[in-house]
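Listed here are the chains, written in short residue letters.
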Amino acid sequence: MRATVGDRRRGQLLVGPAVIPCALGAGGIVIDKREGDGGSPRGRFRLRAGAYRPDHLGIRPRTLLPLRATRPDDGWCDESRDRRYNRPIRLPAPGISAESMWRGDGLYDVVIDLDYNRAPIRKGRGSAIFLHIARDGYRPTEGCVALARADLLRLLRRLGPRTHLRIG
């Protein structure tokens, strides 16, 4: 995956001979990722596992990756002072900054954990870096990589536990 010349917030995912447009973080690709900087981290990342929203997709997408159905109380902790930082949590989580994985806008109808800052987890180095569905017009993410829904669902069929995504 590489940034598009002229717009660091957009990219191209290279899969064999295919070139798939994608959205990147508003800060472009960054080397020194920090929580809230809006950058997509440069590096090579294993695809850990993912989730899908069953009420929006109907059936589980085809993939060799571990994939589970999202529930309304699924969240992801982005509070760097919390011991659950950059991990899935149950919502509500009073007093803790966390994002809902059960989004109304469809961005997380399919979401894959990119294994960024996961082992070991370093406080404040960025959280919730995913491969997910893009907004209309490939508007920038908060640091994730996002593809059109149809492209992501098609790509999932080719992904497995040994797949890596290179950003940059």
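Scoring rules and cut-offs
- Throughout, a residue's number is its position along its own chain's written sequence, starting from 1.
- Whole-chain, interface and lining totals are the exception, using all residues; otherwise, since this is a predicted model, local features are given only for residues with pLDDT of at least 70 and side-chain atom pairs are given and counted only at 80 or more.
- For the side-chain quantities, the full set of heavy atoms in the structure was used; hydrogens and water were omitted.
- Secondary structure is summarised from DSSP: a helix means a run of H or I of at least four residues, a strand means a run of E of at least two, and numbering begins at the N terminus for each.
- The contact definition used throughout considers only heavy atoms, calling two residues in contact when any of these lie within 4.5 Å.
- UniProt positions are given in the numbering used here, feature names are shortened, and annotations may be inferred rather than shown by experiment.
- The rule is simple: take the accessible area with a 1.4 Å probe, protein chains only, and divide by the maximum for that residue type; under 20% is buried, over 50% is exposed, in between is partly exposed.
- In this description, strands pair whenever DSSP reports at least two bridges between them.
- Only the contacting stretch of a helix is used when fitting its axis, a line to C-alpha atoms as for every element, and angles between N-to-C directions run 0 to 180 degrees.
- Among buried residues, those of type Ala, Val, Leu, Ile, Met, Phe, Trp, Tyr and Cys that are joined through side-chain atoms within 4.5 Å constitute a nonpolar core.

(A) Quick peek at the side chain of Asp151. Take Asp151: it is sitting in helix α2 (residues 149-156). With sequence-adjacent residues up to four places away left out, Asp151 is seen in contact with Ile20, Pro21 and Tyr138.

(B) The UniProt feature "active site" (unreviewed entry) in the protein, seen in detail. Mapped onto the present numbering, the UniProt feature "active site" (unreviewed entry) falls on His132 and Cys144. Residue position: His132 is located in strand β13 (residues 130-133). Since its relative accessible area comes to 4%, His132 is described here as buried. Setting aside residues up to four positions removed in sequence, His132 forms contacts with Leu107, Tyr108, Val110, Val111, Thr141, Cys144, Val145, Ala146, Leu147 and Leu152. Structurally, the position occupied by Cys144 is in the loop between β13 and β14 (145-147). Residues contacting Cys144, with those up to four places away along its chain left out, are Ala23, Leu24, Gly25, Ser40, Ala128, Ile129, Phe130 and His132.

(C) Structural detail: the sheet that holds strand β9 (residues 74-77). Taken in spatial order, the three strands of this open sheet run β10-β9-β11, and their pairing is antiparallel. Each having just a single partner strand, β10 (88-90) and β11 (98-100) make up the two edges of the open sheet. Each strand of the sheet is rotated relative to its neighbour by a mean of 40 degrees, with strand direction disregarded. Relative to β11, β9 is paired through three bridges, and the arrangement is antiparallel. When the sheet's bridge partners are listed, Cys77 is paired in β11 with Ala98.

(D) Quick peek at unusual backbone geometry. With omega at 0 degrees, the peptide bond leading from Leu91 into Pro92 counts as cis. Its place among the elements puts Pro92 in the loop between β10 and β11. Residue Pro120 is reached from Ala119 by a cis peptide bond, and omega for that bond is 0 degrees. Of note in the backbone geometry, Asp115 takes a positive phi value of approximately 65 degrees without being a glycine. Here Asp115 lies in the loop between β12 (110-113) and β13.

(E) View of the nonpolar core. Judged by nonpolar contacts, the single largest core of 28 residues is most densely connected at Met1, Leu13, Leu114, Val145, Leu147, Leu165 and Ile167. For this core, the elements supplying multiple residues, two or more each, are β2 (7-15), β3 (18-23), β12, β13, β14, α2 and β15 (164-167). The leading source of residues in this core is α2, at three residues. Apart from residues no more than four positions distant in its own chain, Leu114 is found in contact with Phe45, Arg46, Leu47, Ile129, Phe130, Leu131, Val145, Leu165 and Ile167.

(F) Structural view of the sheet that holds β2. Ordered by their spatial adjacency, eight strands build an open sheet running β1-β2-β3-β14-β13-β12-β7-β8, and the pairing between neighbours is mixed. Either end of the sheet is taken by a strand with one partner, and the two such strands are β1 (2-4) and β8 (67-69). On average, adjacent strands in this sheet sit at an angle of 35 degrees to one another, irrespective of strand direction. In the sheet, strand β7 (residues 50-52) pairs with β8 via three bridges, with the strands oriented parallel. Among the inter-strand pairings, Ala51 is bridged to a residue of β8, identified as Arg68.

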